[in-house]
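As a plain string of letters, each chain reads:
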Amino acid sequence: DKLIVIIEDLGGGEMPDLGHKVMGSQDELLGFLDGNNIPDSWRHLPIIIFSTTNYPMLFLANLIDRPGRFDEVIQVPYPDPEVLVEYAENFMNEPLTDFDRREILKGSISIAHIKDACIKKLVYGTSIHDTVKAMREWTALVKKSIEKKEAF
């Protein structure tokens, strides 16, 4: 009796500054959000749309400037580093070493990064510290490349 649509990583396939475009046109998305580009079989259903983005600065102004597209915008910041330490310890089912704990407590890392670091520790024996450090270095390289509009 209702339709729930999840648009994950809105804008993740499009980097306008780099000239790449791999998703449908912006007009198609806006038409869908406005109720114009939906199948007839959906028209009688109340539609609830959830969306996520890692690029709110690029997409939110375009999407929320018209009533009815998105009724509410909620920013979800990175979890507190102490929460990430607790998550990692629960995931590993053991306390972290002080070395690994310190790296996580530096902050600016997502729960997905912590999960990946824990898996790499379990599978390859790589320390969480080394994995997280490599992830931060990779992120910095990607950001730098995007700013310079270069391939990496």
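Whatever comes next refers back to the structure up there.
An account of the accompanying structure is given in this report. (Residues numbered from 1 in each chain as written. Predicted model: local features only at pLDDT ≥ 70, side-chain atom pairs only at ≥ 80, totals over all residues. Heavy atoms only, no water.)

### Overview of the overall build of the protein chain
Right, so step 1: Scanning the protein chain for helices and strands turns up six helices and four strands.
Right, so step 2: Counting from the amino terminus, the protein chain carries its helices and strands in the arrangement β-β-β-α-β-α-α-α-α-α.
Right, so step 3: By the burial criterion, 26% of the 152 residues in the protein chain qualify as buried.
Right, so step 4: Summarising the internal contacts of the protein chain: among those between residues at least 6 apart in sequence, 60% fall at separations of at least 24. (Helix = DSSP H or I, 4+ residues; strand = E, 2+ residues; numbered from the N terminus. Buried < 20%, exposed > 50% of the residue type's maximum accessible area, 1.4 Å probe, protein only. Contact = heavy atoms within 4.5 Å.)

### A look at the pairing of strand β1 (residues 3–7)
Right, so step 1: Along β1, the buried face is formed by Leu3, Val5 and Ile7; none of Ile4 and Ile6, which line the opposite face, is buried.
Right, so step 2: Alignment of β1 against strand β4 (residues 47–51), held across five bridges, turns out to be parallel. Directly across from Ile4, in β4, lies its bridge partner Ile48. (Pairing = 2+ DSSP bridges.)

### Points about the pattern of salt bridges
Should the charged atoms of two oppositely charged side chains come close, the side chains can pair.
Right, so step 1: Under the criterion given, the structure shown has six salt bridges.
Right, so step 2: Of the charged contacts in the structure, one is a salt bridge between Lys106 and Glu103, with a shortest N-O distance of 3.1 Å.
Right, so step 3: Take Lys106: its relative accessible area is 58%, and that puts it in the exposed class.
Right, so step 4: For Glu103, a relative accessible area of 2% gives the class buried.
Right, so step 5: The partner of Lys120 in a salt bridge is Asp116, and the shortest N-O contact between them spans 3.2 Å. Note that Lys120 and Asp116 are positioned in helix α5 (residues 111–124) at a spacing of four residues, about one turn of the helix.
Right, so step 6: A relative accessible area of 33% means that Lys120 is categorised as partly exposed.
Right, so step 7: In this structure Asp116 comes out as partly exposed when scored by relative accessible area, which is 30%.
Right, so step 8: Via salt bridges that share partners, Glu103, Lys106 and Arg136 belong to a single interconnected network. (Salt bridge = Lys/Arg side-chain N within 4 Å of Asp/Glu carboxyl O.)

### Quick notes on the packing of aromatic side chains
Aromatic rings in a pair are described by how distant their centres are and how their planes are angled relative to each other.
Right, so step 1: What the rule picks out here adds up to two aromatic pairs.
Right, so step 2: Geometrically, the ring pair formed by Phe32 and Trp42 is edge-to-face, given 6.4 Å between the ring centres and 75 degrees between the ring planes. Linking Phe32 in helix α1 (residues 26–33) with Trp42 in the loop between α1 and β4, this pair joins segments that are ten residues apart in sequence.
Right, so step 3: Of the residues examined, Phe32 reaches a relative accessible area of 16% and is grouped as buried. (Phe/Tyr/Trp six-rings, centres within 6.5 Å; stacked < 30°, edge-to-face > 60°.)

### Some points on the environment of Ile119
Right, so step 1: Note on placement: Ile119 falls in helix α5.
Right, so step 2: Taking the C-alpha atoms as reference, Ile119 lies 9.9 Å from Ala88; in sequence the two are 31 residues apart.

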